[in-house]
Amino acid sequence: MSTRRKFLQLSALASAGTLLASCLPQKSGFQISKNPRKPVVLSTWRFGLEANAEAWKILGNNGKALDAVEQGVRIVEDNPEERSVGYGGRPDRDGKVTLDACIMDENANIGAVASLENIKNPISVARAVMEKTPHVMLVGDGALQFALEQGFQSMNLLTPESEKEWREWLKTSTYSPVANIENHDTIGMIALDVHGNLSGACTTSGMAFKMHGRVGDSPIIGAGLFVDNEIGAATATGHGEEVIRTCGSYLVVEMMRQGRSPQEACEEAVKRIHHFIRKGGRNEKEIQIGFIALNKNGETGAFCLQKGFNYAVHDDKNNVLIDAKSLL
Ligand code: SD4
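Conventions and cut-offs
- Residues numbered from 1 in each chain as written.
- Predicted model: local features only at pLDDT ≥ 70, side-chain atom pairs only at ≥ 80, totals over all residues.
- Heavy atoms only, no water.
- Phe/Tyr/Trp six-rings, centres within 6.5 Å; stacked < 30°, edge-to-face > 60°.
- Helix = DSSP H or I, 4+ residues; strand = E, 2+ residues; numbered from the N terminus.
- Buried < 20%, exposed > 50% of the residue type's maximum accessible area, 1.4 Å probe, protein only.
- Expected span 1.5 Å × (residues − 1).
- Pairing = 2+ DSSP bridges.
- Axes fitted to C-alpha atoms, helices over the stretch in contact; angles between N-to-C directions.
- Contact = heavy atoms within 4.5 Å.
- Polar contact = N/O pair within 3.5 Å; in protein donor to acceptor, adjacent residues only side chain to side chain.

Undergrad: Explain the packing of aromatic side chains residue by residue, including any values.
TA: Under the counting rule described, the total for this entry stands at 4 aromatic pairs. Taking the centre distance of 5.0 Å and the plane angle of 80° together, the rings of Trp-45 and Phe-309 count as edge-to-face. Taken together, the positions of Trp-45 in the loop between β1 (40–44) and α2 (48–59) and Phe-309 in the loop between β10 (300–304) and β11 (310–314) put the pair 264 residues apart, joining distant regions of the chain. For the residue pair Trp-45 and Phe-309, the accessibility class agrees, reading buried in each case.

Undergrad: Summarise helix α9 (residues 262–279); cite the residues concerned and give the values.
TA: Counted at 1.5 Å a residue, the expected span for α9 with its 18 residues is 26 Å, and the 26 Å between its end C-alpha atoms agrees. Backbone geometry just after α9 places Gly-281 at a positive phi near 75°.

Undergrad: Hey, could you go over the sheet that holds strand β8 (residues 232–238) for me, with residue numbers and the actual values?
TA: Pairing within the open sheet is antiparallel, and its 4 strands lie in the order β7-β8-β9-β10. Only two strands of the sheet have a single partner each, and these edge strands are β7 (225–228) and β10. Ignoring strand direction, the axes of neighbouring strands in this sheet form an average angle of 10°. Where β7 lies against β8, 4 bridges are found, and the strand directions are antiparallel. The residue bridging Val-227 from the neighbouring strand is Ala-233, located in β8. Sheet strands touched by helix α8 (residues 248–257): β7, β8 and β9 (289–295). Its angle to β8, the strand with the most contacts, is close to 145°. The sheet strands contacting α9 are β9 and β10, and the helix crosses β10 at an angle near 20°.

Undergrad: Lay out the environment of Met-189 in plain terms, naming residues and giving numbers.
TA: By the element assignment, Met-189 lies in strand β5 (residues 187–192). Taking the C-alpha atoms as reference points, Met-189 and Val-73, 116 residues apart in sequence, are found 7.1 Å from one another.

Undergrad: Outline the environment of Gly-206, supporting the account with residue identities and numerical values.
TA: If you trace the backbone, Gly-206 turns up in the loop between β6 (198–204) and β7. Between the C-alpha atoms of Gly-206 and Ser-84, which are 122 residues apart in sequence, the distance is 6.8 Å. Setting aside residues up to four positions removed in sequence, Gly-206 forms contacts with Ser-84 and Arg-214.

Undergrad: Would you mind going over the side chain of Thr-44 in detail, with residue names and values included?
TA: Residue position: Thr-44 is located in strand β1. In this structure Thr-44 comes out as buried when scored by relative accessible area, which is 0%. At a separation of 2.8 Å, a polar atom in the side chain of Thr-44 contacts the main-chain carbonyl oxygen of Thr-186. Separated by 2.9 Å, the side chain of Thr-44 and the backbone nitrogen of Gly-188 make a polar contact. In this structure Thr-44 touches Thr-186, Ile-187, Gly-188, Thr-235, Thr-237, Ile-292, Phe-309, Asn-310 and Tyr-311, once residues within four positions along its chain are discounted.

Undergrad: Just give me the short version of the sheet that holds strand β12 (residues 319–323), but keep the residues and values in it.
TA: Spatial strand order, β4-β3-β2-β6-β5-β1-β11-β12: 8 strands in an open sheet with mixed pairing. The open sheet has two edge strands with one neighbour each: β4 (137–139) and β12. On average, each strand axis in the sheet is tilted by 10° relative to the strand beside it, whichever way the strands run. Relative to the sheet, α2 contacts β1, β5, β11 and β12, its axis offset from that of β1 by approximately 155°.

Here it is in structure tokens:
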């Protein structure tokens, strides 16, 4: 081979290498600790305590974060007393309970369902979408059809309590979906397992009395949930429209990549959302957003727009509920 041809081949290889390197995620700023705190799991709101306890049965036995987050949030989906997730969730304005959920693992595999009716555990349908289809999201009738094909049981998700509330709401039918800032809402859960892998899950019935067909942030990867196994994970609760607008959970993870702590990253993201709320002329007092975040070192953080958001953290010592700090 001529020297010139060899030179050209080598330069082509070198530039392909440079191109590849420049496509890889940049880790500027993020430092991996030699002694990460693991396992650890955290989830949104007070019901995060029971969800964490369930997840810990897996994490505490050297299990996988992916299994832990799925099983953890299912506890809340199953509970009809929790009126913002799964069975017993509040319906849309047409009286239909429509569920949204997504899941993401350590290899950036993702699955999601949106506007799913009659299936109690949308998180497990989301996992089936991830593992058994070439797609990442199924919605409405198609999601239901897939769930039934997979053997999920169809049932009426509208409990008498939720129906009563909806009938009461119908008397005025005021369509102003204000996120409830009390202690019940979407469950987002993120976990780091003993193997050092991160996964996350997010599941909700969405805003009460929303328009039929409305989808929030919770089933949207990057908005309601994001996991990057080299950096960390984040999940959101609150007004989905505001979280989608800012790709909220992705933003939190990218901030951590730049070297922010999980706490600082959540604060930055809430400030960005607040800026957009003002810019758009919406009333900041009627909007709640909360983020929780976890990095690869097992450090955690949370922040919200206004007071009232709490989250539960479980490590090898405790399972505790913490009030998140707020911007307003
Ligand atoms: C949604 N983010 O559907 C969900 C609901 C929620 O506080 O978390 N509300 O927009």
